[in-house]
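Working through the structure, step by step
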Amino acid sequence: MLKRVLIANRGEIALRVLRACREMGIETVAVYSEADAEALHVQLATQSVCIGPARAADSYLNQYALLTVAKATGCDGLHPGYGFLSENADFADACRREGITFIGPSGDTIRKAGSKSAARELMKTAGVPVTPGSDGPVDTVATALSAAERVGYPVLLKASAGGGGRGIRRCDGPSALPAAYAEAKAEAKACFGDDEMYLEKLVLRPRHIEFQVLADRFGNVIHLGDRDCSVQRRNQKLIEEAPARCLTPALREAMGQAAVRAARAVGYENAGTVEFLLDDNGEHFYFMEMNTRIQVEHGVTELITGVDLVRQQLRIASGLSLDMAQADVHLAGHALECRINAEDPAKNFRPCPGQVSFLHFPGGAGVRVDSCLYNGCTLSPYYDSMAAKLLVHAPTRLEAIRKMRRCLEEFTLEGFPTNAELSYQILYHPTFVRGGCTTAFLDENLPRLLDFNRRLSESEGEA
Amino acid sequence: MLKRVLIANRGEIALRVLRACREMGIETVAVYSEADAEALHVQLATQSVCIGPARAADSYLNQYALLTVAKATGCDGLHPGYGFLSENADFADACRREGITFIGPSGDTIRKAGSKSAARELMKTAGVPVTPGSDGPVDTVATALSAAERVGYPVLLKASAGGGGRGIRRCDGPSALPAAYAEAKAEAKACFGDDEMYLEKLVLRPRHIEFQVLADRFGNVIHLGDRDCSVQRRNQKLIEEAPARCLTPALREAMGQAAVRAARAVGYENAGTVEFLLDDNGEHFYFMEMNTRIQVEHGVTELITGVDLVRQQLRIASGLSLDMAQADVHLAGHALECRINAEDPAKNFRPCPGQVSFLHFPGGAGVRVDSCLYNGCTLSPYYDSMAAKLLVHAPTRLEAIRKMRRCLEEFTLEGFPTNAELSYQILYHPTFVRGGCTTAFLDENLPRLLDFNRRLSESEGEA
Amino acid sequence: MTNQEIFDLMDRFQRSSLRSMKLSCQDFSIELEQSAPAAAAAAPEAVPAPAAAAPAPQPENPVISAPLVGTYYAASAPDQPPFVAPGDRVKKGQTVCLIEAMKMMSEVPAPCDCVIEEVLKANGALTAFGEPLFRYRPC
Amino acid sequence: MTNQEIFDLMDRFQRSSLRSMKLSCQDFSIELEQSAPAAAAAAPEAVPAPAAAAPAPQPENPVISAPLVGTYYAASAPDQPPFVAPGDRVKKGQTVCLIEAMKMMSEVPAPCDCVIEEVLKANGALTAFGEPLFRYRPC
């Protein structure tokens, strides 16, 4: 077992890792930027070292500083958390070269999963469904038309060399295709000097369904069920839940097996997540990408499986084999997570960090709070705006929703605005209550949800 | 289902009941004394009414005031919490007369369970083991000797009319019995004017094991497993856990069945607890008493069964039948509770209420906090000194102990002393870690445990 | 007096615009002095006041408060006139209203000879313990 | 009254803006006076300072701080004399020590012409970012 772990992160995930280490008797070394000197995990760690100024590039992204501290303090492991260097293949390699166990997959695995085009081919070979499309490039309008006919409209025409949204055209039927093909090809030529095109089916109003996987170094790979993260705004998840209400047992089984195949295809080790798009009528699912780290929303899986995922990460990295088989994984009840961000939804979600003048978290049965906030602390403007994760667990989805509503009623944070009231409104929205949210839900309903917010704050002002 | 419930209590249990109501869509009416006007549950309730001055006799024990508010605010139910009027049979009757559902058993059941001598006879009839003793009074030294021989020494000679420790003698062998008998008899005559004596086996260094039961009004009675509450000081429990480590599956089965028989014997309805003494070598158990209310430590049972007991109380009181059978109850993992009291262990546990100048509760996976404290609030000197309950749940007992240690490390309360450090020391004590604590443990080890405390605070003073 | 009570006293004094304060009560006495009284710098409340808390009476006008929780009745029976109305002059001990708790009627007496200035509760409404019922002017 | 209660009273008084205070209670009496009440009255720290935080340099003596995290070396090689010792006069830009991070040596220069007053780190120790290495006196 690892003896001393450097926590190469900050905020709630640093505290999460510290807690798991503490409960396993593993010593912790916290590293922090000058802006985080008073952070909770810095005060709780066995040892804490300042590694640079506030700017992430000079501190949390400074590989030299991290490795220097890890070696000087005698760490045998390093936990990268999420974000920062957690999916940096070169850093994973550098750790290994220095004799520090990187708590995550190898650099090679991170590279394989990180390249979208390469991952798509790997997954097809492994029998994991990917979005239907042309087999390789489409050189003429005729091949494009026949490929589109095969996969069904709408389709996306994409430049092979593309990126940043350039060289892409959506096409809803055959009559529009020739013109779109010509346009996209010309744009690709102009932007990338390469006009090779390929074609992919466009999944409309999909759900974001992801599977948690665990893999040890002995080739054992299991999944711990699914999470529905469809309530998101510009790819920022707001409310996550487990299990996904829209999955039939058969579909869950099929997707879980596909997730395990995906993990095997990249030679996975440690905890990871396979993300899928599920189409509107809940029939077809497509591999989207694989995240080679612990995720923000891992807690909902912990609540319904009873498995401590960070503990499993530390066990796996220590070279132990999985202490459970797929048959030992049982999903019990329903879990929800609301991310509380220091941002003002009424002002286009402008980040609003500041000092916490009063803080009260909900408590009681079936409630979990993961946060690095404390009364009087300052949420730094230098990093992301997530202030807390509120999680609930109850026997049924409806009970979980009701529990989360009362948690948001109890939750009190004074000092800066948050998105808590917006989440509260979502928990009352008929589409959410029915379990009908796709990734389009939040954008489509935001004006009305914010209107509730506005009216509420006005009536409070009157009172 | 009940529509509106009056919460006839204060502190954390009032908040606990409020949360359960809120999650079931039941409205709440909080009543409070002048000392509790700023209490958390008072601020969260649908409606709050001040019922009297700080003194409990004038407020929380004022039956007229409670019933007046219940009727005037249109409540159809009343939850008594624990303490105060929760085991007052006359109050339960008065509620029923006024058409208010008392959320607990009937007055008759409370009376049957409340009278120790009557309960002892009821339990014997129902086949629930009680402490071995004489069958009725012992009129001569000879009958006393033969009864003692039969049950085994040491024994207690007790005045039938006794109370307050008078007219009781412990007797370790036959040679000492005649003198002890004469002394006790004389004392009983002098104190109570009645020298009838009986004899009971003295259980040395017992464990306090209790079983949670649930019973509906249709005669369905189940138990939800056991709790070990042996870590106590002068009958004040400090650390509770579930399940008890010392029970074999066969003994758990036997005690659970006895608990169900005990509940049936008094015609029980709602949630209750059957307390047993378990002898030193874990072979024999004896009925001690039945608590006809929700208990402080109910949370550890909730954690290992996944059953929300207050929700069950509200369902049963609403006339619904139990939604689970005995076979549906599964114990998963291990749970611990530490009671955080505003008291100074170094000063003979003197209560030290005061204002909370800084408060931080532990969080993260497997942690539950039940408390009515918030930053800046004042813990009132008028009521009991319990400030918070910290609970943890983990797959194994050792993991739960480690989790509780890290919770106590994170827990921070400034403003008055608490027993948190003492609990922390207990969690490292070999006897506790082995699961070997009897009710004698805390008293026997207190000086040494407090010495650790003292040395710690001295070394902090030096730093 | 406990230390906490003394601290509360000190806090309250510091927040006041008082310069000095002497207090004696039975066997207890205290003297406090400060050079620069707080310029009203009241710390913001950490939490909102309870929804149903009794409104604080204005210091200049004394009030008669409910001595117990119950239903407020302005008159002895539905067809009777109210015990008192604004402007009425009442004697010390004279009944100003009834409060019913569990079918027991309690008479609320005037604390001194006074003129009733304002009736603060509606007939038949639930009144909390300590809630103001009447505003009056001593005479 | 216990000593602890008196200590609490004293603490509370010292933190207050009070000038004087007299208290008597049964057979107990106390008088407290302070010349300068805690005007600054910096709110007590909610939480202890981090264990490994860099000690705050005293304002009167400037320090040379570590420009990066790494191992502090007082000399260019184990058998060499240290770059500087207390009392040494150094020129601006002159190397005062080395810091090694991942086998890369960084020279730390003097910020100005100065006299080294104190060496604050032990040779070979890990130094955090911003941690004081030397105390100096400009000249």
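Here we look at helix α3 (residues 63–72) of chain B
Residue and element names in this part refer to chain B. Among all positions in α3, only A65, L66, L67, T68, V69 and A70 are buried. The N-terminus of α3 is capped by N62, whose side-chain oxygen sits 3.2 Å from the backbone nitrogen of Y64. Positioned one or two residues after α3, G74 has a phi angle of 75°, which is positive.

A few points about the interface of chain C and chain B
Size of an interface, as often reported, equals the accessible area lost when the parts are brought together. Listed by partner, the interface residues are 18 residues for chain C and 24 residues for chain B. When the two sides are added together, the surface that chain C and chain B hide from each other amounts to roughly 1,600 Å², 69% of it contributed by carbon and sulfur. Area buried by chain C at its contact with chain B is led by M102, L126 and F129 of chain C, which between them contribute 38% of it. Inspection of the chain C/chain B interface yields one salt bridge. In this structure, K103 of chain C engages E98 of chain B in a salt bridge whose closest nitrogen and oxygen atoms are separated by 3.8 Å. If you look at where chain C meets chain B, you find two residue pairs in polar contact (both at pLDDT 80 or more). The residue makeup of the side of chain C that touches chain B, split by class, is 14 nonpolar, two polar and two charged.

What about empty space enclosed by the protein?
Counted under the stated rule, the structure contains five cavities of 30 Å³ or more. One number sums up the size of the largest cavity: a volume of about 400 Å³. Residue lining of the largest cavity: 28 residues in total, with F361 and P362 of chain A together with F361, P362 and V369 of chain B positioned closest to the centre. Contributing elements (two or more residues each) for the lining of the largest cavity: β17 (358–360) and β18 (367–371) of chain A together with β17 (358–360) and β18 (367–370) of chain B. It is β18 of chain A that provides the largest number of residues to the lining of the largest cavity, a total of five residues.

Comments concerning the relation of the copies chain A and chain B
Two copies of a chain can be linked by a rotation about an axis combined with a shift along that same axis. The two copies are related by a screw motion: chain A maps onto chain B through a turn of 180° and a shift of 0.0 Å along the axis, at an RMSD of 0.1 Å. One copy is carried onto the other by what is essentially a two-fold rotation axis. Within chain A, the C-alpha atom positioned nearest to the axis of rotation is that of R368 of chain A, 3.4 Å from it. Comparing contact sets, 100% of the residues at the interface of chain A also lie at the interface in chain B, consistent with an isologous, same-surface contact.

Overview of the interface of chain A and chain B
Counting from both sides, the interface comprises 31 residues of chain A and, opposite them, 31 residues of chain B. Of the roughly 2,600 Å² buried between chain A and chain B, counting both surfaces, carbon and sulfur atoms make up 49%. If you sort the residues of chain A by the area they bury against chain B, R19, R22 and E23 of chain A come out on top, with a joint share of 23%. If you look at where chain A meets chain B, you find 10 salt bridges. Measuring nitrogen to oxygen at the nearest pair gives 2.6 Å for the salt bridge that ties E23 of chain B to R406 of chain A. The tally of links from chain A across to chain B stands at 15 residue pairs in polar contact (both at pLDDT 80 or more). Of all elements in the fold, only α1 (11–23), α2 (40–44), β17, β18 and α12 (397–410) of chain A reach the threshold of two or more residues within the side of chain A that touches chain B. Ranked by the residues each element gives to the side of chain A that touches chain B, the list is headed by α12 of chain A, at six residues. The residue inventory of the side of chain A that touches chain B, partitioned by class, reads 13 nonpolar, four polar and 14 charged.

Description of the domain arrangement of chain C
For chain C, the assigned domains are domain 1 (1–34) and domain 2 (61–139). For domain 1 of chain C versus domain 2 of chain C, the separation of C-alpha centres amounts to 34 Å.

A closer look at the domain arrangement of chain A
In terms of domains, chain A is made up of domain 1 (4–103), domain 2 (132–201) and domain 3 (207–462). Here the C-alpha centroids of domain 2 of chain A and domain 3 of chain A sit 35 Å apart.

What about the side chain of R405 of chain A?
All names here are of chain A. Relative to the helices and strands, R405 resides in helix α12. It turns out R405 is buried and unbridged, and the closest side chain with the opposite charge, E409, is 7.1 Å from it. Once residues lying within four places of it in the same chain are set aside, the contact partners of R405 are Y424, L427, Y428 and V433.

The rules behind the values
Residues numbered from 1 in each chain as written. Chains lettered and ligands numbered in written order. Predicted model: local features only at pLDDT ≥ 70, side-chain atom pairs only at ≥ 80, totals over all residues. Heavy atoms only, no water. Buried < 20%, exposed > 50% of the residue type's maximum accessible area, 1.4 Å probe, protein only. Helix = DSSP H or I, 4+ residues; strand = E, 2+ residues; numbered from the N terminus. Polar contact = N/O pair within 3.5 Å; in protein donor to acceptor, adjacent residues only side chain to side chain. Contact = heavy atoms within 4.5 Å. Buried area = accessible area lost by both parts, 1.4 Å probe. Salt bridge = Lys/Arg side-chain N within 4 Å of Asp/Glu carboxyl O. Nonpolar A, V, L, I, M, F, W, Y, C, P; charged D, E, K, R; others polar. 1 Å grid on protein atoms, 1.4 Å probe; cavity = no way out; pocket = protein on both sides within 12 Å on 5 of 7 lines; lining within 4 Å. Points joined across faces, edges and corners; volume = space filled by probe spheres on them. Least-squares fit on C-alpha atoms with pLDDT ≥ 70 in both. Domains from an automatic or database assignment. Lys, Arg positive; Asp, Glu negative; His and termini not counted.

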